Amino acid sequence: MIKKIPKPAIEVLEKIEKAGFEAYVVGGCVRDLIMEKEPRDWDITTNAKPEEVLKIFPGDSFYENKFGTVGVKVEKFIDSDTLRDDREKDVIEVTTFRIESKYSDRRRPDKVKFAKTLEEDLSRRDFTMNALALKISNDGQKTSGKKSKFKIVDLYGGEKDIKNKIIKTVGDPNERFDEDALRMMRAIRFHAELGFEIEKKTLEAIKKNSKWIGHIAMERIKDEFAKIILSDNPADGVDMMHKAGILQYVIPELERGVGVSQNRHHIYTIYKHSIMALRKCPSKKLEVRLAALFHDIAKPQTKRGEGEFATFYNHDHVGARVVEKILTRLKFSNDVIQKVKLLVDNHMFYYNPDEVGEASVRRLIKKVGLENVKDLIDLRIADRLGSGTPKAKPYKLRHLEYMIEKVSHDAISVKMLKINGNDLMKGLGIKPGPKIGAILDVLLAEVIEDASKNDREYLLARAKELNTEDLVKLRTMAKEKIEEKKEEEDKEIKGKHWVK
Ligand code: ATP
Ligand code: MG
C-alpha cells in the first residue's frame, strides 16, 4: 500500500494541521501512490483559506490565481523532469476545499466557491480514481517523517476502480461532462497513460457530449493531446478519441483517412496505418510521434485511381502544409511545428544501399540537418512497421545509419569548407559581394559530390576557374548540382516505387 510520502509533503501537511486546520494529500497523487507510481505533482487540500495558508508559510508561498490554490515552495524532491529541470525549488499546491458552482459556458465555473468539508471537495473531482484523499493518522503517536501512518478517505470507490483499472466519473457522467467538457479529454488521456478502460456509461456519455469539446480553449485540449501522444499507449489514446467521437472536432483531417484504402503496398486503410505507425514509433519524442501519426495526413486528398495501383503523388509535401495548419490550430510551439513539418515533408526520402552513394547521404543530411536524421529514420521505421512489414529495422536502414556516421564529418555546409570568403578575396583579389557566396556554393556542391575535394589548395585552384564565370552562371551551377540532382532522384523513386 502507501509506502512513502516525500518529507516535504508531510511537512506541509503537519504545518497546516499544527495551525489548527485539516489537510489532505488529494487527487492524482493519491492515485499514483496507490499504483506505486511517481506522482507528476503534489496537491494538498485544506479547510484553511488562501490567506490563512499564506500566513502558515510566510515567505515560501504565493497566491496568484482566483481558484484558491496557494503554491508552497519546498526543497526539490520531484524526480528530474525535462520540463522543469531549471527549477530551484519544487512547489506543492495547497488548495482550499472547493465546490464547483454553475458552468454556464461549459468551460470554467462562473466563480469559485469555497466549501466547508472534504466531502464537498471530493464530490467536485472528475473521476473516482482522482477523488481520493490521504491524511496523516496520528494514532496517538508522534508523526514525524518515517513514523507517519496514513488514512485514505475514499467516498466513491476509487480504490476499487484503480484496482480494476476503471475510469468512471464521480456522479452522473452526462452532468459532469456538461459542466466541464475537458473532462472527456482527460478520461481519454488517463486511458492512454494508465492503460485503464473507460467505464461503459462514462464512455457513452463522452459519445453523447463530444461536440461540447469545441467550447474548450485549444491550449487545454493541446495539453491533454500532447500527454496522450507522450503516454505509453498513444495509439490507443488517439483511436479512443476517434471511437468516442472527439477526434472529428479536434483533428477532422485524420478522420478523412477512415475507411480509405491504399494500394498493393498496404494492407491497412490510411487511418489505420496512421494509428499503427504511431503505435510502432520507436521514438519517445513528441515531434517524431506526431510525425508518425500525421505523415500520411494528405493521402486522402492526393489519392488518384483506385485499387492496387492507386497513387498518392506529393502527399509528403502537401502533408507538410496540412500538418502545419493542424499544429498551429492546436497551438503547439513553433519549434514543434517546424520539426514535425520537416519530418513529414521528407518522410519519403529514398535510400537503397546498392544504388545510393555517399554523395546522396550527404545531400540528405544537408537537406534535413544532421540533428534530424536519426528522427527521420525513426519515422521511417514507424512507417514501415505500421504498414505491417515484419522486419523492425530492415538492414537498409541500419546501413543508412552507418553511412550517416561515416559521412557525418564531411562538409555539408559552406562553413565546413576548408576555405572561406576571406581566402577567396585574398587569393582571387576580388571584392566583397555576392560572387563570393556563389563560388562557395558551387564548391560546396562539388564537395558534397566528392568529399576528397575538400582540400584547401584544390579549392583555391578551382575557385580561380570559377571566377571566370558570371554570377548567374555560378548560381545555376550550384543549383543544378544540388537541387536538380535531388529532383532526379525523387523522380527515380517515384518511377520505381510509384509512391508506396
Ligand atoms: P496528472 O498530474 O498525472 O496529470 P492528476 O489527476 O493529478 O493527473 P491534475 O490536472 O494534476 O491531474 O489535477 C489534480 C486533481 O484535480 C485531479 O486528480 C482531480 O481530482 C482534480 N481535477 C483536475 N482537473 C479537473 C477537472 N477538469 N474536473 C474535475 N476535477 C479535476
Ligand atoms: Mg496532478
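Residues numbered from 1 in each chain as written. Chains lettered and ligands numbered in written order. Predicted model: local features only at pLDDT ≥ 70, side-chain atom pairs only at ≥ 80, totals over all residues. Heavy atoms only, no water.

Caption draft 1: Structural detail: the overall build of the chain. A tally of helices and strands in the chain yields 24 helices and 11 strands. Counting all 500 residues of the chain, 51% fall into the buried class. A fraction of 68% describes how many contacts in the chain between residues 6 or more apart in sequence connect residues 24 or more apart. (Helix = DSSP H or I, 4+ residues; strand = E, 2+ residues; numbered from the N terminus. Buried < 20%, exposed > 50% of the residue type's maximum accessible area, 1.4 Å probe, protein only. Contact = heavy atoms within 4.5 Å.)

Caption draft 2: Main features of the pattern of salt bridges. Under the defined criterion, the tally for this structure stands at 30 salt bridges. Put simply, Arg462 and Glu465 hold a salt bridge, and the shortest N to O gap is 2.6 Å. On the criterion of helical spacing, the pair formed by Arg462 and Glu465 is a turn pair, its members being three residues apart in helix α23 (residues 456-466). For Arg462, a relative accessible area of 16% gives the class buried. Salt bridges linked by common partners bring Arg40, Arg189, Glu193 and Glu224 together as one network. (Salt bridge = Lys/Arg side-chain N within 4 Å of Asp/Glu carboxyl O.)

Caption draft 3: Structural context of the sheet that holds strand β9 (residues 149-154). Taken together, the seven strands give an open sheet; going across it, the order is β3-β4-β5-β2-β1-β8-β9, and neighbouring strands pair in mixed fashion. This sheet does not close on itself; its edge strands, each paired only once, are β3 (61-62) and β9. Summarising the sheet, strand β4 (residues 69-74) and strand β5 (residues 90-96) pair through six bridges and their orientation is antiparallel. The residue bridging Lys73 from the neighbouring strand is Val91, located in β5. (Pairing = 2+ DSSP bridges.)

Caption draft 4: Structural context of the packing of helix α7 (residues 182-194) against helix α10 (residues 234-243). Direction vectors running N to C along α7 and α10 enclose 150°, while the axes themselves pass 8 Å from each other. For the pair α7 and α10, the crossing hand works out as right-handed. On α10, the residues touching Met185, Ile188, His191 and Ala192 of α7 are Asp236, Gly237, Met240 and Met241. Across the contact of α7 with α10, the residue classes tally to five nonpolar, two polar and one charged. (Axes fitted to C-alpha atoms, helices over the stretch in contact; angles between N-to-C directions. Left-handed = near helix turned anticlockwise from the far one by under 90°. Nonpolar A, V, L, I, M, F, W, Y, C, P; charged D, E, K, R; others polar.)

Caption draft 5: The site of ligand 1, seen in detail. The environment of ligand 1 is made up of 16 residues, and the closest members are Gly28, Arg31, Asp180, Arg183 and Arg189. Side-chain polar atom of Asp41 to an oxygen atom of ligand 1: 3.2 Å apart, as the coordinates give it. Interatomic distance of 2.7 Å between a side-chain N/O atom of Arg183 and a nitrogen atom of ligand 1. When the free accessible area of ligand 1 is taken as 580 Å², the share hidden by the protein chains comes to 84%. At the level of secondary structure, the elements contributing two or more residues to the shell around ligand 1 comprise α2 (28-34) and α7. With four residues, α7 is the single largest residue contributor to the shell around ligand 1. Looking at the shell around ligand 1 residue by residue, the class counts come to one nonpolar, three polar and 12 charged. Each of domain 1 (7-163) and domain 2 (166-250) gives at least three residues to the shell around ligand 1. (Near = heavy atom within 4 Å. Polar contact = N/O pair within 3.5 Å; in protein donor to acceptor, adjacent residues only side chain to side chain. Areas by Shrake-Rupley, 256 points an atom, 1.4 Å probe, with all protein chains shown as cover. Domains from an automatic or database assignment.)

Caption draft 6: View of α23. Those residues of α23 that sit buried are Leu459, Arg462, Ala463 and Leu466. In an axial view of α23, the angular spread of the buried residues amounts to 105°, which keeps them on one side of the axis. (Arc of directions from axis to C-beta.)

Caption draft 7: Inspection of the packing of helix α18 (residues 358-368) against helix α22 (residues 434-449) at higher detail. With their axes 7 Å apart at the nearest point, α18 and α22 run at an angle of 130° to one another. Viewed along their axes, α18 and α22 adopt a mutual orientation that is oblique. Seen from α18, the contacting residues are Ala359, Arg362, Arg363 and Lys366; seen from α22, they are Leu444, Val447, Ile448 and Glu449. (Parallel < 35°, antiparallel > 145°, perpendicular 65-115°, else oblique.)

Caption draft 8: Up close: the nonpolar core. Counting 111 residues, the largest nonpolar core has Trp42, Phe225, Val238, Ile246, Leu290, Phe294 and Phe332 as its most contacted members. Per element, the largest residue contribution to this core is eight residues, and it comes from α7. Within the second largest apolar cluster, 21 residues are counted, among which are Ile430, Val442, Ile448 and Leu459. (Core = buried A, V, L, I, M, F, W, Y, C linked by side-chain atoms within 4.5 Å.)

Caption draft 9: Looking closely at the environment of Ala131. Along the polypeptide, Ala131 turns up in the loop between α4 (118-123) and β8 (132-137). Ala131 sits 100 residues away from Arg31 along the chain, and the two C-alpha atoms are 8.6 Å apart. Ignoring sequence-local partners within four residues, the contact set of Ala131 consists of Leu122, Arg125, Val153, Tyr156 and Val170.

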